[in-house]
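Listed below are the residues making up each chain.
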Amino acid sequence: MATISKDAKTSAVACYFTFIGWIIGFFINMDEKHEFANFHLRQSLGLLTLFFAIAALLGMPHPMIADIAFFLSFMVLWGYGVAMAIQNKMTPIPILGKLFQQIFKFIK
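From N to C terminus, the protein includes five helices and zero strands. Walking the protein from its N terminus toward its C terminus, one meets helices and strands in the order α-α-α-α-α. Computed over the C-alpha atoms, the radius of gyration of the protein is 14 Å, within 12% of the 13 Å expected from 2.2 N^0.38 for a compact globule of 108 residues. With the C-alpha coordinates of the protein rotated into their principal frame, the extents come out at 45 × 20 × 20 Å. Long-range contacts, defined here as pairs at least 24 residues apart, represent 69% of the contacts in the protein between residues at least 6 apart. When the accessible area of the protein is evaluated, it comes to approximately 6500 Å², of which 74% is carbon and sulfur surface. Charge separation in the protein, taken as the distance between the mean sites of 8 positive and 5 negative side-chain charges, equals 8 Å.

For the rest of this paragraph, the subject is the nonpolar core. If you look at the biggest cluster of nonpolar residues, it comprises 21 residues, and the most contacted ones within it are Tyr16, Trp22, Leu47 and Ile107. Listed by contribution, the elements that provide at least two residues to this core are helix H1 (6–14), helix H3 (35–57) and helix H4 (64–86). Here this core gets seven residues from one element, more than from any other, and that element is H3. When near neighbours in sequence (up to four residues on either side) are disregarded, Tyr16 contacts His40, Gln43, Ser44, Leu47, Trp78, Gly81, Val82 and Ala85.

So, on to the environment of Phe27. Within the secondary structure layout, Phe27 lies in helix H2 (residues 18–28). Expressed as a C-alpha distance, the spacing of Phe27 and Met64, which sit 37 residues apart in the sequence, is 38 Å.

A surface patch of nonpolar side chains, about 330 Å² in accessible area, is lined by Met64, Ile68 and Leu72. Following the sequence through the fold, Met64 ends up in helix H4. On the accessibility criterion, Met64 (61% relative accessible area) is exposed.

What follows covers the side chain of Gln43. Here Gln43 lies in helix H3. We classify Gln43 as buried; its relative accessible area is 0%. Contacts of Gln43, omitting those with residues within four sequence positions, involve Tyr16, Pro92, Ile93, Gly97, Phe100 and Gln101.

So, how was this worked out
Residues numbered from 1 in each chain as written. Predicted model: local features only at pLDDT ≥ 70, side-chain atom pairs only at ≥ 80, totals over all residues. Heavy atoms only, no water. Helix = DSSP H or I, 4+ residues; strand = E, 2+ residues; numbered from the N terminus. Rg over C-alpha atoms; globule rule 2.2 N^0.38 Å. Contact = heavy atoms within 4.5 Å. Areas by Shrake-Rupley, 256 points an atom, 1.4 Å probe, with all protein chains shown as cover. Lys, Arg positive; Asp, Glu negative; His and termini not counted. Charge placed at Lys NZ, Arg CZ, Asp CG, Glu CD. Core = buried A, V, L, I, M, F, W, Y, C linked by side-chain atoms within 4.5 Å. Buried < 20%, exposed > 50% of the residue type's maximum accessible area, 1.4 Å probe, protein only. Patch = residues over 30% accessible without salt bridge, like charges linked within 9 Å, V, L, I, M, F, W, Y side chains within 5 Å. Salt bridge = Lys/Arg side-chain N within 4 Å of Asp/Glu carboxyl O.

The analysis is restricted to geometry; functional conclusions fall outside its scope.
Right under this line is the structure:
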């Protein structure tokens, strides 16, 4: 794998920290596009979209155990994504990562 520039790594890591972080990562990557940053932008956008979609569904009456399971599973996937960005790896998030790459392939 080619060396990863500081801007690409900054963009990749920043995009996992809230939607504002995603926007910052997107703009850091605008001038000189990096496949590494694009990969993590797609992964984190998928996680953010999934998080808000499921959180909206959980707004309905439900057992509290569903909330706990949802947040724990989201945190594990989020932590995995951040760890892969820090380690300069382009490994998809388990289960949904490949799907996120297909759905958000417009991010180039």
